[in-house]
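Okay, here's what each chain looks like letter by letter:
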Amino acid sequence: IVGAQGAAPRRIDSIRVAAVDTVGAGDAFVGAFAAALASGAGVAAAAQRGSAAGALTVTQPGARHPALSPELIDDLLATADASRASSAPSDTRSP
């Protein structure tokens, strides 16, 4: 849950991945979060990027993902968004 000063808290869902090694996940989160904030992203968007970076990091052994990049984070976020959209319950109410 994150929230900018004066804003309502917002839940940021994690991205499900097959974890291999959790070492470095927090560092990856903080690095991507800080980089996103520095580039002008809002707190919620920065937290989503941090979550994606942490998720990617745990899929590889060792303290860092060898190919972690802004583009890889973008790809994971796009995949996660598409997955959430396709698994969302449809509105079955009658008009």
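Residues numbered from 1 in each chain as written. Predicted model: local features only at pLDDT ≥ 70, side-chain atom pairs only at ≥ 80, totals over all residues. Heavy atoms only, no water.

Notes on the pattern of salt bridges
Reasoning step 1: Applying the stated criterion across every chain, the model contains two salt bridges.
Reasoning step 2: Ionic pairing is found between aspartate 13 and arginine 11, a salt bridge with its closest N-O pair at 2.8 Å.
Reasoning step 3: Among the residues examined, aspartate 13 registers a relative accessible area of 39% and is labelled partly exposed.
Reasoning step 4: With relative accessibility at 64%, the residue arginine 11 sits in the exposed group.
Reasoning step 5: Arginine 49 serves as the salt-bridge partner of aspartate 74, at 2.6 Å between the closest nitrogen and oxygen. Of the two residues, aspartate 74 is situated in helix α3 (residues 70-87) and arginine 49 in helix α2 (residues 43-57); the sequence distance between them amounts to 25 residues. (Salt bridge = Lys/Arg side-chain N within 4 Å of Asp/Glu carboxyl O. Buried < 20%, exposed > 50% of the residue type's maximum accessible area, 1.4 Å probe, protein only. Helix = DSSP H or I, 4+ residues; strand = E, 2+ residues; numbered from the N terminus.)

Here's the deal with the packing of helix α1 (residues 25-38) against α2
Reasoning step 1: One can describe the packing of α1 onto α2 by two numbers: an axis separation of 7 Å at closest approach and a directional angle of 145°. Taken as a pair, α1 and α2 cross one another with a handedness that is right-handed. Facing Ala25, Ala28, Phe29, Ala32, Phe33, Ala36 and Leu37 of α1, the residues of α2 in contact are Val43, Ala46, Ala47, Arg49, Gly50, Ser51, Ala53, Gly54 and Thr57.
Reasoning step 2: A class-by-class count of the residues in the contact of α1 with α2 yields 11 nonpolar, four polar and one charged. (Axes fitted to C-alpha atoms, helices over the stretch in contact; angles between N-to-C directions. Left-handed = near helix turned anticlockwise from the far one by under 90°. Contact = heavy atoms within 4.5 Å. Nonpolar A, V, L, I, M, F, W, Y, C, P; charged D, E, K, R; others polar.)

Considering α2
Reasoning step 1: Under the 1.5 Å per step criterion, the end-to-end length of α2 is 21 Å for 15 residues, consistent within 8% with the ideal 21 Å.
Reasoning step 2: Among the residues of α2, Ala44, Ala46, Ala47, Gly50, Ser51, Ala52, Ala53, Gly54, Ala55, Leu56 and Thr57 are the ones counted as buried. (Expected span 1.5 Å × (residues − 1).)

What about the confidence of the model for the protein?
Reasoning step 1: For the protein, the mean per-residue pLDDT works out to 87, and 86% of the residues sit at or above 70.
Reasoning step 2: Confidence scores differ between elements of the protein, with α3 showing the lowest mean pLDDT of 86 and α1 the highest of 96.
Reasoning step 3: Contacts for the low-pLDDT stretch residues 91-95, under 50 throughout, to residues beyond four places or in other chains number zero contacts. (pLDDT = per-residue confidence, 0-100.)

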